[in-house]
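# Examination of the molecular architecture
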Amino acid sequence: MAGKVQDAGIFAPDSAGYRRHTPPYKDHEASMKINVEFDLTPEELRQALGLPNIEAFQQDLLDRIHRQMESGVEGYDPMSLMQPFLQQPALQQGLAILDPLLPEELPSWVWWNGALDEAPELLQQLASSPRRLILDSALGDPRFCLNLLASRIEAGQAVNDLNWLRLGSWHQTLAMVFDPPHRRDALGHVIQLDIDVEGDHPVQGLLLGSWIADRLGWKLKHTQHNSDKSISTSFQRTDGTEVQMRVSPVPMGQPSIHPGQIVGLRLICKPEHQPAICVILCAESGGCMRLEAGGMASMELIEEVVPVQHSPVEADVSRQLEGGHDSTNPLLAAAAPLAAKLIS
């Protein structure tokens, strides 16, 4: 129909029910097949392609692993064995071979399955733009993780954060709490936000707090690190009222396999001419006794249990790839730079 653009996702070539076919006359055109044979040894082929000789590296690495096994050392990090070799020019040249093999128009993802501060030089070379980067900001030094996440996003690279993906149930539950019409006005009157996280890795808590602040239009005024390893932040609402946020570490007897997972959240709102509202969200795997203590007798109390995702990391990566994400989630793109400021 003139003047309208149809949904390209439905009518795109090779989609269900529609395929682009080569015209029949193409099958009858003359064609010529050429076979070329090379009589080369593996060493000659390596030299012809310009591939680096890493035989000495392989042998030395195997010798190191063998010595570690013989000495009965447990818990050693294989990455520490490879670290000295990651600086060698030969290996760097070998990694550079990937660039011509992966043209920009070919979609490609780099999944960094480890701590982000473990080998930053290698990460920089493997995950250069326009390759799409899948990482986990729960792994590594918190400040380094958030700064890396923010810098990659600000540079325009497509980034998928598995730590952000695990926040999905918290986003949905909080949105559900304020979905009733009589509660929506309370979101404009938040005065306090408390988030408890497992252990000393506050990244997920900061990402959630930054998401709330961004969606409600708060402006950052001040942030500080406290002696108890908590992070206190002051925001200013659109009407000029101050909002206090605190992300606090909580010791857990049986922590999650993912560092720094959120244990609980408390949001206090004081609408005009209405009773104050206290919203407490609690992870099903933990308790919220600290958040439930004190000063809430006169408030409308709303408590919800947030389901915890127990899927392995491979399943999380699969969800990212199935979605065909070729850009950064816009909510993450807005929250990550703010979270990096909160921890700096």
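In what follows, the structure referred to is the one given above.
Residues numbered from 1 in each chain as written. Predicted model: local features only at pLDDT ≥ 70, side-chain atom pairs only at ≥ 80, totals over all residues. Heavy atoms only, no water.

## Regarding the sheet that holds strand β3 (residues 159–161)
The criterion, for reference: A strand pair is defined by DSSP finding two or more bridges across the two strands. Per the convention used, a helix needs a DSSP run of H or I reaching at least four residues, while a strand needs a run of E reaching at least two, with both numbered from the N terminus. Only the contacting stretch of a helix is used when fitting its axis, a line to C-alpha atoms as for every element, and angles between N-to-C directions run 0 to 180 degrees. By definition in these notes, contact holds between two residues if any of their heavy atoms fall within 4.5 Å.
On the basis of which strands lie adjacent, the open sheet formed by 3 strands has the order β1-β2-β3 and parallel pairing. Two strands in the sheet have a free side with no partner beyond their single neighbour: β1 (109–111) and β3. Across this sheet, the average inter-strand angle for adjacent strands is 15°, counted without regard to direction. Two strands pair when backbone bridges link them, and strand β2 (residues 132–135) and β3 are joined in this way by 3 bridges, in the parallel orientation. Residue pairing in the sheet places Ile134 in a bridge with Asn160 of β3. Against the sheet, helix α8 (residues 142–154) touches β2 and β3, its axis set at about 150° to β3.

## Re the side chain of Gln157
Cut-off, in case you're wondering: Note on classification: 1.4 Å probe, protein chains only; a residue is buried when its accessible area is under 20% of the maximum for its type, exposed when over 50%, partly exposed between these limits. Distance and chemistry together define a polar contact, namely a pair of N or O atoms within 3.5 Å, with one atom able to donate a hydrogen and the other to accept it when in protein, and with adjacent residues in sequence counting only for side-chain atoms on both sides.
Along the chain, Gln157 falls in the loop between α8 and β3. By relative accessible area, Gln157 is classed as buried at 4%. A polar side-chain atom of Gln157 sits 2.7 Å from the main-chain carbonyl oxygen of Arg131. In this view, Gln157 contacts Ala127, Ser128, Ser129, Arg131, Leu133, Arg152 and Thr328; residues no more than four positions away in its chain are not counted.

## Some points on the pattern of salt bridges
Note the cut-off: In the sections that follow, a salt bridge refers to a side-chain nitrogen of Lys or Arg positioned within 4 Å of a carboxyl oxygen of Asp or Glu.
Counted under the stated rule, the structure contains 7 salt bridges. In this structure, Arg166 and Asp316 form a salt bridge, with 3.8 Å as the shortest nitrogen-oxygen distance. Linking Arg166 in the loop between α9 (162–165) and α10 (168–177) with Asp316 in helix α13 (residues 313–322), this pair joins segments that are 150 residues apart in sequence. Judged on exposure class, the residue Arg166 and its partner Asp316 are both buried. In this structure, Asp228 and Arg246 form a salt bridge, with 3.2 Å as the shortest nitrogen-oxygen distance.

## Focus: the packing of helix α12 (residues 203–216) against helix α14 (residues 330–343)
Describing two packed helices takes the angle between their axes plus the distance from one axis to the other. Put simply, the rule reads: Two helices that cross are described as forming a left-handed crossing if the nearer one is turned anticlockwise from the farther one by less than a right angle, and a right-handed crossing if clockwise. Each residue is assigned to one of three groups, with Ala, Val, Leu, Ile, Met, Phe, Trp, Tyr, Cys and Pro labelled nonpolar, Asp, Glu, Lys and Arg labelled charged, and all others, Gly among them, labelled polar.
Running from amino to carboxyl end, α12 crosses α14 at an angle of 115°, the nearest separation of the two axes being 8 Å. Of the two elements, α12 crosses α14, and the hand of that crossing is right-handed. Here α12 contributes Leu206, Leu207, Ser210, Trp211, Ala213, Asp214 and Arg215 to the contact with α14, which in turn contributes Leu331, Leu332, Ala334, Ala335, Ala336, Leu338, Ala339, Leu342 and Ile343. Split by residue class, the contact of α12 with α14 holds 13 nonpolar, 1 polar and 2 charged.

## Some remarks on the packing of α10 against α12
Which entries qualify depends on this criterion: Throughout, the term roughly parallel applies to angles under 35 degrees, roughly antiparallel to angles over 145, roughly perpendicular to angles from 65 to 115, and oblique to all others.
Relative to each other, α10 and α12 sit at 40°, their axes nearing to 11 Å. Comparing their axes, α12 and α10 come out oblique. Here α10 and α12 pass one another in a crossing that is right-handed. In this structure, α10 uses Trp170, His171 and Leu174 to contact α12, whose residues at the interface are Leu208, Trp211 and Ile212. In terms of residue class, the contact of α10 with α12 is made up of 5 nonpolar, 1 polar and no charged.

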